[in-house]
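# Structure assessment
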Amino acid sequence: MENISLKEYSKYFFVFSFVMVTIISFLMVKSFVPVILGAIITTYTFNPIKKYLLKVFKNKNLCSVLTLILVFLIIILPIFFSIKVIGDEVVSVYNYIVTHDVIKSIPGLSFIKPEYLVYLEEQMDRIVERVSIDIINKTIPDFLLRLPNLIISLFIMVFITFYLFRDGDEFVKNVKEWLPINKKEKDRLFDRINKVSYAVIYGHIVTALIQGVLGTIGFFILGVPSPVLWGLVMSIFALVPFVGTPIVWIPIGLIQIAAGNTITGILVLLYGSLIISSVDNIIKPRIISKKAKVHPILILLGVVGGIKFFGVVGFIIGPLILAIFMAFLEFYVEGN
């Protein structure tokens with residue numbers, strides 16, 4: 001009897017300890033969940049390159065380092081370049097507004113009384129002054145306060161990505177073995193995960209390229225300077241959730257209006273909102289749905305809900321979770 005009681009207590013103690021350790025572990029890494037998910041997405045996206053390098057160099061550590069360098073060159077440098085281009089344009093617009101009578105330079109406002117034009121100029125000066133004060137007093141200090149956390153997060157992401165490149169295949173193999181379902185269902189589940197992950201990444205890249213090409217064509221037709229450069233910048237920002245193409249075509253439209261090209265500026269804003277953005281909202285879910293063989297409604301809900309719940313990395317994690325849910329639902333139905 002005592003042995004049975006001891007076994008029962010041991011079992012309960014193990015379960016209790018396991019649950020407590022799991023909760024504490026989750027609380028410890030909770031703030032780094034987006035970083036971990038970002039590392040997983042980066043590893044999955046660039047894993048084919050690592051596998052190719054592994055065939056050439058036959059060294060996991062060297063191939064993981066080389067792949068990380070390629071990630072930096074392919075993702076980080078273009079983003080910094082795009083931010084610099086946008087930043088330079090914003091500064092030039094600010095200097096133009098400060099040194100010119102922007103309101104008077106806009107054609108078609110001659111019917112407005114002079115006193116109203118003066119009022120509009122005063123309001124614009126106040127807006128520019130308020131934005132400048134907000135940037136100096138809030139944006140820059142907030143960024144400097146968050147900078148240490150950003151550096152730590154970036155270091156953790158690079159560290160995790162390196163080890164996922166090196167040991168990721170083994171980790172996936174272990175996870176497959178741990179799952180308490182039969183081999184057929186395991187293979188189907190991982191095949192579904194692989195298809196949805198590939199489809200989401202493929203859909204984002206193709207959509208970004210389409211938006212860049214449409215932007216280049218539209219800017220060329222409307223006479224915007226350097227249309228190819230702006231199309232390239234638009235493609236890069238199209239890959240960034242929460243940012244997207246509006247960060248390019250809205251400033252360009254406003255710059256054209258501020259420079260006196262009112263019609264061109266308005267057409268750029270209309271073209272961006274009606275044509276370029278529609279690709280993101282309509283075509284992207286269709287592309288992903290066709291590749292993943294998942295209904296477009298699930299893809300749309302997964303992307304929107306994922307971004308809302310997980311942040312930037314949610315654009316992949318959201319559809320993936322819904323796809324896994326649907327797979328388990330299928331297993332349950334078939335099991336019954």
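Note that residues are indexed from 1 along each chain, following the sequence as it is written. Two thresholds apply to this predicted model, a pLDDT of at least 70 for residue-level local features and 80 or more for giving and counting side-chain atom pairs, whereas whole-chain, interface and lining totals are computed over all residues. With hydrogens and water stripped out, all remaining heavy atoms of the structure feed into the side-chain values.

Under the DSSP-based scheme used, a helix requires at least four consecutive residues in state H or I and a strand at least two consecutive residues in state E, with every element numbered from the N terminus. Of the regular secondary structure elements, the chain holds 11 helices and zero strands. Ordered by position in the sequence, the α and β elements of the chain form the string α-α-α-α-α-α-α-α-α-α-α. Per-residue accessibility, obtained with a 1.4 Å probe over protein chains only, is compared with the maximum for each type, and a residue is labelled buried under 20%, exposed over 50%, and partly exposed between these values. By residue count, 31% of the 336 residues in the chain fall in the buried class. Contact definition: two residues touch when any of their heavy atoms are within 4.5 Å. In the chain, the share of contacts with a sequence separation of at least 24, taken over all contacts with a separation of at least 6, comes to 64%.

Note on aromatic pairs: the rings of Phe, Tyr and Trp (six-membered ring only in Trp) are paired at centre separations within 6.5 Å, and the planes decide the class, stacked below 30 degrees, edge-to-face beyond 60, tilted for the rest. As enumerated under the stated definition, the model contains four aromatic pairs in all. Connected via pairs of aromatic rings, a cluster forms that spans F155, F159, F162 and Y163. In this structure, K176 packs its charged tip against the face of F190, placed 5.3 Å from the ring centre. Counting as a charge over the ring demands two things of the Lys NZ or Arg CZ atom: a distance within 6 Å of the ring centre and an angle within 35 degrees of the ring normal.

Let's shift gears to the confidence of the model for the chain. Put simply, the chain has an average pLDDT of 79, and 83% of its residues get 70 or more. A score between 0 and 100, pLDDT records how confident the predictor is in each residue. Ranking the helices and strands of the chain by mean pLDDT puts helix α2 (residues 33-57) first, with 87, and helix α4 (residues 102-105) last, with 54.

We now examine the side chain of T245. Tracing the sequence through the fold places T245 in the loop between α7 (227-238) and α8 (246-258). On the basis of relative accessibility, which here comes to 3%, the residue T245 falls in the buried class. Not counting residues up to four positions away in its chain, the partners in contact with T245 are Q211, M234, A238, I276 and S277.

Take the layout of surface pockets next. Any empty space left between the atoms is revealed when a probe the size of a water molecule rolls over them. A pocket, in this scheme, is an open set of points on a 1 Å grid over the protein atoms alone with protein on both sides within 12 Å along at least 5 of 7 lines, while a cavity is a set where a 1.4 Å probe fits but cannot get out; residues line either one if an atom lies within 4 Å of a point. Grid points are joined across faces, edges and corners, and a volume is the space filled by probe spheres set on the points. Taken as a whole, the largest pocket holds about 2,000 Å³ of empty space. Tallied by class, residues from the lining of the largest pocket come to 38 nonpolar, eight polar and no charged. The calculated volume of the second largest pocket comes to roughly 1,400 Å³. Listing elements by their share of the lining of the second largest pocket, those giving two or more residues are α2, α5 (114-178), α6 (183-222) and α11 (314-335). Just so you know the grouping, Ala, Val, Leu, Ile, Met, Phe, Trp, Tyr, Cys and Pro go in nonpolar, Asp, Glu, Lys and Arg go in charged, and all remaining residues, Gly too, go in polar.

This paragraph deals with unusual backbone geometry. Of note, K58 is a non-glycine position whose phi angle comes to about 60°, a positive value. Within the secondary structure, K58 sits in the loop between α2 and α3 (60-99). Here the phi dihedral of S226 falls at roughly 55°; this positive angle occurs in a residue that is not glycine. With respect to the element layout, S226 can be found in the loop between α6 and α7.

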